[in-house]
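# Summary of structural features
What follows is the residue order along each chain.
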Amino acid sequence: MAIADRRASLSMCLALAVLLGFGSSSSGLQARTASRFPSDERVQELLELALRFISRARCENDQPCKPATEQEMRTPPVAMSHAREAVRTGFLSAVAEKCGLDYGEKFFLPMMSHFRRSVGLNERQLAILGLMHGIELGSSSKSLPKDACSPEMRRLLSQGRPALP
């Protein structure tokens, strides 16, 4: 089953790359869908930004998260692979929003559920990833071309995100 999920996830990513990267006239969008999207630099930038604004998020018992410590700024409390997935999901959410789909139900909530249940992240780590997702969603929403939502794209996104590996 895990192999099928990975294949489905890879298929969706490749389809999105083709549809967005080659079906759009936006070179910025093409760069974003390259195989290394998001770049290590972009992930690091959003991770640092999320840590700077962590006190605006909610942590344990729905209380505001404590500000990031110097130690957390030097060594963030989330794995780069998880941070990268939050950024990827933020981008997919932006495209889904452009298509008029409920990105929360299709992408954000499944991502957070995966990190909470399967990975076992704590509320602070989830808050960081949630902030990263939101920052990327906002940034990508502003830069997507008007034709980012083709009928084929809408069909793919309406299926939701395959289970994370």
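Residues numbered from 1 in each chain as written. Predicted model: local features only at pLDDT ≥ 70, side-chain atom pairs only at ≥ 80, totals over all residues. Heavy atoms only, no water.

### So, the confidence of the model for the protein
Scored by pLDDT, the protein comes out at a mean of 80, with 75% of its residues at no less than 70. Note that pLDDT drops below 50 for residues 1–35; the model gives that stretch 47 contacts with residues more than four away or on any other chain. (pLDDT = per-residue confidence, 0-100. Contact = heavy atoms within 4.5 Å.)

### What about unusual backbone geometry?
You will see that Asn61, though not glycine, has its phi angle at about 55°, which is positive. On the secondary structure map, Asn61 appears in the loop between helix 3 (40–52) and helix 4 (70–74). Positive phi outside glycine occurs at Asp62, with the angle close to 55°. Along the chain, the position of Asp62 falls in the loop between helix 3 and helix 4. Exposure remark for Asp62: the relative accessible area of 53% places this residue in the exposed category. (Helix = DSSP H or I, 4+ residues; strand = E, 2+ residues; numbered from the N terminus. Buried < 20%, exposed > 50% of the residue type's maximum accessible area, 1.4 Å probe, protein only.)

### Notes on the pattern of salt bridges
Scanning the entire structure with this criterion turns up eight salt bridges. Of the charged contacts in the structure, one is a salt bridge between Glu72 and Arg124, with a shortest N-O distance of 2.7 Å. Of the two residues, Glu72 sits in helix 4 while Arg124 sits in helix 7 (residues 123–143), which places them 52 residues apart along the sequence. What makes Glu72 buried here is its relative accessible area of 12%. In this structure, a network of salt bridges that share partners links the residues Arg42, Glu45 and Glu136. (Salt bridge = Lys/Arg side-chain N within 4 Å of Asp/Glu carboxyl O.)

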